Amino acid sequence: MTHSTGSPVTDEATDVFMTHRELLFGLVYNMLGSVADTEDVLQETWLAWSGRGAEGITNPRAYLVRIAVNQALQRQAVITDDPVLRGESVSLAMLVVLEALTPLERAVFVLNEVFGYAHTEIADIIDRTPAAVRQLAHRARDHVLARRPRYRAHPRVRQEATERFVRAALGGDLAELMEILAPDVTVWTDGGGNRKPAGLRPVHGRDKAVRLITSYAARRGPQDLELRYRRVNGDDAAVLFQGDSPYAVMVMDLTPEGDRVNGVYIVTNPDKLTHVHKDDDEEDE
């Protein structure tokens, strides 16, 4: 953290900010999903805080949170990037789902569901009425619950299903894809960054999903992809590596019977895969 000479920064203000920095990082990261954007917002928050100083502020935590969240909301209105892979409270698949929320819905969801802020506290932070916050929270929760099933298959079952899916997808085996995918499957993809985007909107239904996946696989270019299994942001994931570099991360949701895939979450943007390493044996954090 830097500041110019003559800035009214005091040791007390610096200490207060650093005490709350991890909280602020978690809040902003889960709203924006980008480490770089989060660091920018924290820098802006620091500048606003250091210019004001801690004197006379009875609740520095609330004050800092309000600055950071509002800075994040402003930035969220103009950025189009998607989440990097970093373990900060929200899972990889959840981050993909949260992209479909409005900026305010996402802010309310993160503040309430992830960090436990009450609706009245959130109302003060985002300058809305408690009733409006409750409505935003309800819509966001319904949206998320509709897309993230409560059921979680055994890791071995998930890995077996994932292996079948990856083999069929990369091999262009349409019959096997139709067999492994549930009729009501949904495929979520990120923007792909420097690669051609597969689409930011979810694709519903097996026929559409097969078309998307096969066209996506056909565009992948490199043939020397190696499959590894990791836990990424708390999810059991399949990671495709091209050499030592991560090429794609995929998370599967299975039907309760465990025999078919009813949700696929794919992240391919290279900028979002910088925290995934081929030689990591432990969970990526």
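Use the structure listed above.
If you're wondering where the values come from, they're calculated on a predicted model, not measured in any experiment. Chains are numbered independently. Their residues run from 1 in the order of the written sequence. Residue-level local features of this predicted model are given only where pLDDT is at least 70; pairs of side-chain atoms are given and counted only at 80 or more, and the full residue set underlies all totals for whole chains, interfaces and linings. Computation of side-chain values: all heavy atoms of the structure, hydrogens and water removed.

Think of it this way: any DSSP run of H or I at least four residues long counts as a helix, any run of E at least two long counts as a strand, and we number them from the N terminus. Across its full length, the protein carries ten helices and six strands. Only protein chains enter the accessibility calculation, which uses a 1.4 Å probe; a residue whose area is less than 20% of its type maximum is buried, one above 50% is exposed, and one in between is partly exposed. A buried classification covers 49% of the 285 residues belonging to the protein. Contacts spanning at least 24 positions in sequence make up 64% of the contacts within the protein whose residues lie at least 6 apart. A total of about 13,700 Å² of accessible surface is found on the protein, and carbon and sulfur atoms cover 48% of it. Contacts are assigned to residue pairs that have any heavy atoms within 4.5 Å of one another. Throughout, the Shrake-Rupley method with a 1.4 Å probe supplies accessible areas, and for residues the shown protein chains are the sole cover considered.

This part is about the sheet that holds strand S1 (residues 181-189). Hydrogen bonds between backbone groups are what pair the strands of a sheet, and the pairing can be parallel or antiparallel. Across the sheet, which stays open at both edges, the six strands sit in the order S2-S1-S6-S5-S4-S3 with mixed pairing between neighbours. Pairing within the sheet leaves two strands with one partner each, and these edge strands are strand S2 (203-204) and strand S3 (225-232). Any two strands with at least two DSSP bridges between them are considered paired. Examined bridge by bridge, S1 and S2 share two bridges and lie antiparallel to one another. Its bridge partner being in S2, Thr-186 is matched across the sheet by His-204. In this fold helix H8 (residues 155-171) packs onto S1, S3, strand S4 (235-242), strand S5 (245-254) and strand S6 (261-267), with an angle of close to 120 degrees to the strand it touches most, S5. To obtain an axis, a line is fitted to C-alpha atoms, over the contacting stretch when the element is a helix, and the angle between two such axes runs from 0 to 180 degrees between their N-to-C directions.

Our focus in this paragraph is helix H5 (residues 103-114). Helices are assigned an expected span. That span is 1.5 Å times one less than the residue count. With twelve residues, H5 ought to run about 16 Å at 1.5 Å a step, and its terminal C-alpha atoms sit 16 Å apart, in line with that. Taken across its twelve residues, H5 has nine buried, putting it largely inside the fold. Buried within H5 are the following residues: Leu-104, Glu-105, Arg-106, Ala-107, Val-108, Phe-109, Val-110, Leu-111 and Asn-112. A positive phi of about 75 degrees marks Gly-116, the residue just after H5.

A few words on the pairing of S1. In terms of residue burial, S1 counts as a mostly covered element, since seven of its nine residues are buried. As judged from the five bridges shared by S1 and S6, these two strands associate in the parallel manner. Following the sheet pairing, Thr-189 is matched in S6 by Ile-266.

Glancing now at the side chain of Ser-50. Among the structural elements, Ser-50 can be located in helix H2 (residues 35-52). There is a polar contact of 3.1 Å between the side chain of Ser-50 and the backbone oxygen of Leu-47. Polar contacts here mean pairs of N or O atoms no more than 3.5 Å apart (in protein, one a potential hydrogen donor and the other a potential acceptor; neighbouring residues in sequence count only if both atoms are side-chain atoms).

Next up on the list: the pattern of salt bridges. A side chain of one charge can pair with a side chain of the opposite charge if their charged atoms are brought near each other. By definition, a salt bridge exists where a carboxyl oxygen of Asp or Glu is found within 4 Å of a side-chain nitrogen of Lys or Arg. In the structure shown here, the tally under the stated rule is five salt bridges. Residues Glu-39 and Arg-21 are paired through a salt bridge, measuring 2.6 Å at the closest nitrogen-oxygen approach. Here Glu-39 is found in helix H2, whereas its partner Arg-21 is found in helix H1 (residues 11-32), with 18 residues between them in sequence. With a shortest N-O distance of 2.9 Å, Glu-105 and Arg-139 are connected by a salt bridge. Of this pair, Glu-105 sits in helix H5 while Arg-139 sits in helix H7 (residues 130-147), placing them 34 residues apart in sequence.

Of all ten residues in S5, nine are buried; the element is thus mostly enclosed. Where S4 and S5 come together, six bridges link them in antiparallel fashion. Across the sheet, Phe-241 pairs through a bridge with Pro-246, a residue of S5. Taken together, S4 and the strand that follows it, S5, pair antiparallel across an intervening segment of two residues, in which Gly-243 is found at a positive phi of about 65 degrees.

Excluding any residue in a salt bridge, patches collect residues exceeding 30% relative accessible area, merging like charges within 9 Å and nonpolar Val, Leu, Ile, Met, Phe, Trp and Tyr side chains within 5 Å. The sign given to each residue is positive for Lys and Arg and negative for Asp and Glu; His and the chain ends receive no count. Note on charges: their place is set at NZ of Lys, CZ of Arg, CG of Asp or CD of Glu. Taken together, the side chains of Asp-11, Glu-12, Asp-15 and Glu-55 make up a negatively charged region of the molecular surface. Relative to the helices and strands, Asp-11 resides in helix H1.

You can see Val-261 is positioned in strand S6. When the C-alpha atoms of Val-261 and Thr-186 are compared, they prove to be 9.0 Å apart, with 75 residues separating the residues in sequence. Discounting residues that sit within four places of it in the chain, Val-261 has contacts with Ile-180, Leu-181, Ala-182, Val-185, Met-252, Asp-253 and Leu-254.

Moving on, we come to the packing of H1 against H2. The N-to-C vectors of H1 and H2 enclose an angle of 145 degrees; their axes lie 9 Å apart at closest approach. Between H1 and H2 the crossing geometry is right-handed. The residues of H2 that touch H1, namely those facing Ala-13, Thr-14, Val-16, Phe-17, Arg-21, Leu-24, Phe-25, Val-28, Tyr-29 and Leu-32, are Val-35, Asp-37, Thr-38, Glu-39, Val-41, Leu-42, Thr-45, Trp-46 and Trp-49. Side-chain classes are defined by residue name, with Ala, Val, Leu, Ile, Met, Phe, Trp, Tyr, Cys and Pro counting as nonpolar, Asp, Glu, Lys and Arg as charged, and the others, Gly among them, as polar. Its residues placed into classes, the contact of H1 with H2 shows 13 nonpolar, three polar and three charged. When the near helix sits turned anticlockwise from the far one by under a right angle, the crossing is termed left-handed; a clockwise turn instead gives a right-handed crossing.

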